[in-house]
Structures are given as structure tokens and as C-alpha cells.
Amino acid sequence: MKEDVFTNLIAKKLSGNLSAQEEQLLRNWLSDAPEHRYLQEDMAKVWEWSSHVKMPPADVGSAWKKVEQKLDSGKPRLQIRVNKFFLMAASFLLLCVMAFLLRDTFLSSAPAVLVLETGPSEKLTHTLPDGSVVVLNSNSRLDFAELPGERSLHLSGEGFFEVIRQPTRPFIVHCGNTAVRVLGTSFNIRAYEEEEAIELYVQEGTVSWNRAGEVGAQGTLVTAGMSATFNIEEETIMVTDL
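Residues numbered from 1 in each chain as written. Predicted model: local features only at pLDDT ≥ 70, side-chain atom pairs only at ≥ 80, totals over all residues. Heavy atoms only, no water.

Student: What's the story with the overall build of the protein in this structure? I'm lost.
Tutor: When helices and strands are counted, the protein shows five helices and 13 strands. When the 242 residues of the protein are sorted by exposure, 32% land in the buried category. When contacts within the protein are restricted to residue pairs at least 6 apart in sequence, those whose partners lie at least 24 apart make up 39%. With the model as given, the accessible surface of the protein reaches about 15200 Å², and the carbon-plus-sulfur share is 56%. (Helix = DSSP H or I, 4+ residues; strand = E, 2+ residues; numbered from the N terminus. Buried < 20%, exposed > 50% of the residue type's maximum accessible area, 1.4 Å probe, protein only. Contact = heavy atoms within 4.5 Å. Areas by Shrake-Rupley, 256 points an atom, 1.4 Å probe, with all protein chains shown as cover.)

Student: So what exactly am I meant to see when it comes to the pattern of salt bridges here?
Tutor: Two side chains that carry opposite charge are able to pair once their charged atoms sit near each other. Counting across every chain of the model gives seven salt bridges. Salt-bridge contacts for R141 lead to E117; the nearest nitrogen and oxygen are separated by 3.7 Å. Of the two residues, R141 sits in strand β4 (residues 141-146) while E117 sits in strand β1 (residues 113-117), which places them 24 residues apart along the sequence. Among the charged side chains, a network of salt bridges with common partners joins E117, R141 and D143. (Salt bridge = Lys/Arg side-chain N within 4 Å of Asp/Glu carboxyl O.)

Student: Could you clarify how one ought to interpret helix α2 (residues 20-30) in this entry?
Tutor: Listed as buried for α2 are L26, W29 and L30. Buried residues along α2 cover an arc of 95° about the axis, so they all sit on one side. Away from the buried face of α2 by more than 90 degrees, exposed residues A20 and Q21 are located. (Arc of directions from axis to C-beta.)

Student: Before we go on, may I ask you to explain unusual backbone geometry in this structure?
Tutor: Across the chain, the bulk of peptide bonds are trans and the bulk of non-glycine residues have phi less than zero. Despite not being glycine, N139 shows a phi value in the positive range, around 50°. Relative to the elements of secondary structure, N139 occurs in the loop between β3 (133-136) and β4. Residue N139 is classed as partly exposed on the basis of its relative accessible area of 45%. The residue E235 is not glycine, and still its phi comes out positive at about 55°. Within the fold, E235 resides in the loop between β12 (226-231) and β13 (236-241). Of the residues examined, E235 reaches a relative accessible area of 32% and is grouped as partly exposed.

Structure below.
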């Protein structure tokens, strides 16, 4: 199936109109690749943002009245009989204009996404927009976006992070089917797609490690000097004190 089919399924899920059969189809597709889960998470954020956007109700009658006034202000003209179909067309046109203006407003306020990638035998050190520093190992990719309430990242590969502390905006790294949540610390994550486990080492501070979708809950705490391993097949986290 084309990706737009699954985009429609995600939209139906967000609106609560997904059938049980479609739910299973979508779940299988999401488990195929991390990129699919990233798409669902991004669409969920867009859905949440759109719920906060206020769009004034369309006053078609008032708009049409203004048109009539302009017509009446001119020279004598032929009588025009406005039928119901014409009013419906005018209403539709007005709604289209308002939808376009709303789309333009939304796109201008959408957060920019920074994408970093490395190839074979390549490393990259980069300072993120919030001041945090990341060192990407070879064959890795990092997507970074500053959202209103958090700093959201998606990691595929291996990266070392030195996070600037911002108590009101946690730093959340999504990797595989897990999410690492921190406020300010330094740690290393190894999450290559072809490997059977995700590895975490905390150099300073404390992080909370959760399964995806459970970021708000109390996760497994990993403190400085400790390492942890997430078994992808069993979905279990094992913490080791080095």
C-alpha cells in the first residue's frame, strides 16, 4: 500500500473513526520501521496544535450583504436574481479562503526540524539550537525539533548528548520503541536498527527511560555511572551499576 493510505488511517485513528481491522493494519505498518512511528507522532502533534487554533465562524450573510451594497452603489444595473445555488457557492468560496489563511498561519508557526546525518566511518559534533551538544557516531541520524513544552529528538544510530538544563522543557530522545527523558545531563545512546538491543550509558545526572507512549509516566531511572539495556524483543530494561 502507498504511504498516503496509512496517512489516512492515522488521521482516522486521531479522529476516533478507525475500525478494528484498520487498527490492526495500522499497528502492523507502524512496527515495520521507525520512520512510520515518527510520522504518526508528528501527525499527532499537528492534530494537537490544530485543536488550539481558533477559527472565527463564517458569516456568509454579512459577507454577501457587503457585496450587494457595493453593487447597489453603482449605476443602474440589470436585476440579478440570486438563487440558493449561488449562495452555496459563495459560502464555499468564503470557507476556502478562510481555510487557506488558517493553513498559512499554521505553517508559519510550525517548529523547524533540524536533521543531522553521518555516513560510514564519519562522526559529527553539533551544537543544537537550545545549546545542547550532540556527537553522532557513524551511520546515524538525528531529528531535532523545539516544541512548546519539550525538546523532541528522534535518534537512529548512536549519539552522545550533553544537555543544557531547562526545567520547563524536558529533552526527550525517541529511539526504537523507547524514549529517554532528561532535564540536563550527559549520556550516550546506541540504537542501531539492525541490533537486538538499545544501550544507554549515563555519564552525569539522571535520566528516565520509558517505552514509547509512556513518556509521562515514571520510567526506569538510570543515574550517573550506570548503564542500561533495552531488549527489543522482550521489551525489558536491565540496569547495570558499573
